[in-house]
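Geometric and topological summary
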Amino acid sequence: GSGFVWSENGHIVTNHHVVNGADRIQVIFADGTEYDAMILGSDPTADIAVLKIDSIEDDLTPLSLGDSSSVKVGQLAIAIGAPFGQEFTMTTGIISALGRTIPSAGTPFANPEVIQTDAPINPGNSGGPLFDRHGKAIGINSQIASRSGSSAGVGFSVPIDTAKRIVPELIERGKYTYSYLGIQGVDLRPDLAIAKGLDRTTRGVLVIGILDDKGPAARAGIISNDE
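What counts as what
Each residue is numbered by its place in its chain's sequence as written, counting from 1. In view of the model being predicted, local features appear only for residues whose pLDDT reaches at least 70, and side-chain atom pairs are presented and counted only at 80 or more, with totals across whole chains, interfaces and linings using the full set of residues. With hydrogens and water stripped out, all remaining heavy atoms of the structure feed into the side-chain values. At least two bridges found by DSSP between two strands are what make those strands a pair. Secondary structure elements are defined from DSSP: runs of H or I of at least 4 residues count as helices, runs of E of at least 2 residues count as strands, and each element is numbered from the N terminus. Ring geometry is summarised as follows: Phe, Tyr and Trp rings, the Trp one being its six-membered ring, pair when their centres sit within 6.5 Å, and such pairs are stacked at plane angles under 30 degrees, edge-to-face over 60 and tilted between the two. A 1.4 Å probe rolled over the protein chains alone gives each residue an accessible area, and that area as a share of the maximum for its type sets the label: buried under 20%, exposed over 50%, partly exposed in between. Residues are called lining when one of their atoms sits within 4 Å of a cavity or pocket point, these points coming from a 1 Å grid over the protein atoms alone, where a cavity is a set in which a 1.4 Å probe fits but cannot get out and a pocket is an open set with protein on both sides within 12 Å along at least five of seven lines. Grid points are joined across faces, edges and corners, and a volume is the space filled by probe spheres set on the points. Inter-axis angles, ranging from 0 to 180 degrees, are taken between N-to-C directions of lines fitted to C-alpha atoms, where helices are fitted over the stretch in contact. Any two residues whose heavy atoms approach within 4.5 Å at even a single point are treated as in contact. Distance thresholds for patches are 9 Å for like charges and 5 Å for nonpolar side chains (Val, Leu, Ile, Met, Phe, Trp, Tyr), applied to residues having over 30% relative accessible area and no salt bridge. Values of accessible area rely on a 1.4 Å probe in the Shrake-Rupley scheme; residue burial ignores everything except the protein chains shown. Whenever a carboxyl oxygen of Asp or Glu lies within 4 Å of a side-chain nitrogen of Lys or Arg, that contact is scored as a salt bridge. Under the convention used here, Asp and Glu are negative, Lys and Arg are positive, and both His and the chain ends fall outside the count. The atom standing in for a charge is NZ when the residue is Lys, CZ when it is Arg, CG when it is Asp and CD when it is Glu.

What follows concerns the pairing of strand β4 (residues 34–43). Successive residues of a regular strand alternate their side chains across the two faces of the sheet. Bridge analysis of strand β3 (residues 25–28) against β4 gives four bridges, and the strand direction is antiparallel. Bridge pairing in β4 places Val 27 opposite Tyr 35. Hairpin remark: β3 followed by β4, antiparallel, with five residues in the connecting loop; positive phi at Gly 32, about 90°. Note that β4 and strand β5 (residues 48–53) share six bridges and pair antiparallel. Paired with Met 38 across the two strands is Lys 52, which belongs to β5.

This is how it looks when you write it as structure tokens:
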């Protein structure tokens, strides 16, 4: 897997799935220096983990963080990582789409607002940064959509704005707590609206399931569509 420096005092950001279940973690920099690291905190829902290097010889230089909310489809994207174990590899492409939703690792929740890119991302790129043309990190490379297991030009990156919100909590508390409604829902499309006797222009969420009988939605009396 890959990762990047978040702070000068030894915090490294990567994916949750890269370090989940690891017995030992080593961080290797481009100059060949190696450090043992520990998992400081991890969030499987956003697929983000923070490592901590305990003893470093010099202050580290953190990456410059961008603003993923200002990313536009078609702009240049640069991915850095270790595809198939080939360390310190750079690939380029464009931002292919925005606002994707991908399943989270081992949780019933999904990761929203994900960035899609055609910059080649392969196993080993996970946890590495996605840059804009100015060298600012706009995402954390996380997953690919591929039947062969190698890049098919459809890669997904967790927005850096998501990391800005979650990483400080992982550093301080070791976990991130989400608010939730306790429902499964889908967008109310025009055909669904008509089927429910609503105007086709009605917008909202159709509740298709209640996740927890004692959750917020259940306590509020919300019922699913099939009841």
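Additional details are given in the paragraphs that follow.
Scanning the model with the defined rule gives three aromatic pairs in all. Relative to Tyr 178, the ring of Tyr 176 lies with its centre 4.8 Å away and its plane at 75°, an arrangement referred to as edge-to-face. What makes Tyr 178 partly exposed here is its relative accessible area of 32%.

Another point: unusual backbone geometry. Look at Phe 88: it is not a glycine, yet its phi comes out positive at around 55°. Relative to the elements of secondary structure, Phe 88 occurs in the loop between β6 (76–81) and β7 (89–103).

With that settled, consider the layout of surface pockets. Of the pockets and cavities examined, the largest pocket occupies roughly 790 Å³. Around the largest pocket, the lining is made up of 30 residues, and of these Gly 1, Ser 2, Gly 3, Val 27 and Ile 28 lie nearest the centre. For the lining of the largest pocket, the secondary-structure elements that each account for two or more residues are β1 (4–5), β2 (11–14), α1 (16–19), β3, β6 and β9 (129–131). Sort the elements by how many residues they give to the lining of the largest pocket and β3 lands first, with four residues. One number sums up the size of the second largest pocket: a volume of about 600 Å³. Put simply, the parts of the chain that give the lining of the second largest pocket at least two residues each are β8 (110–117), α2 (160–173) and β12 (183–187). The element best represented in the lining of the second largest pocket is β8, accounting for four residues.

Let's shift gears to the environment of Gly 127. Tracing the backbone through its elements, the reader meets Gly 127 in the loop between β8 and β9. C-alpha separation for the pair Gly 127 and Glu 34, spaced 93 residues apart in sequence, amounts to 18 Å.

Taking strand neighbours across the sheet as the criterion, the five strands line up as β1-β2-β5-β4-β3 in an open arrangement whose pairing is antiparallel. Each having just a single partner strand, β1 and β3 make up the two edges of the open sheet. Sheet topology note: the β1/β2 ladder contains two bridges and is antiparallel. For Val 5, the partnering residue across the bridge sits in β2 and is Ile 12.

Here we come to the sheet that holds strand β10 (residues 137–144). Spatially, β6-β7-β8-β11-β10-β9 is the arrangement adopted by the six strands of the closed barrel, whose pairing is antiparallel. With direction set aside, neighbouring strand axes in the sheet form an average angle of 50°. Taken together, the six bridges between β6 and β7 define a ladder with antiparallel strand orientation. Bridge pairing in β7 links Ile 80 to Met 90. Where α2 meets the sheet, it contacts β10 and β11 (155–159), and its direction lies at approximately 45° from that of β11.

Right, let's get into a negative patch on the surface. On the surface, a cluster of negative charge is made up of Glu 8, Glu 57, Asp 58 and Asp 59. Position of Glu 57 relative to the elements: it lies in the loop between β5 and β6.

Attention now moves to the pattern of salt bridges. A complete count under the given rule lists four salt bridges for this structure. A salt bridge links Arg 173 to Glu 169, with the shortest nitrogen-to-oxygen separation between them at 3.1 Å. A residue pair is termed a helical-turn pair when its members lie 3 or 4 positions apart in one helix, as Arg 173 and Glu 169 do in helix α2 at four residues. When its relative accessible area of 43% is taken as the criterion, Arg 173 is described as partly exposed. Taking the shortest distance from any N to any O, the salt bridge between Asp 191 and Arg 189 comes out at 3.4 Å. For Asp 191, a relative accessible area of 48% puts it in the partly exposed group.

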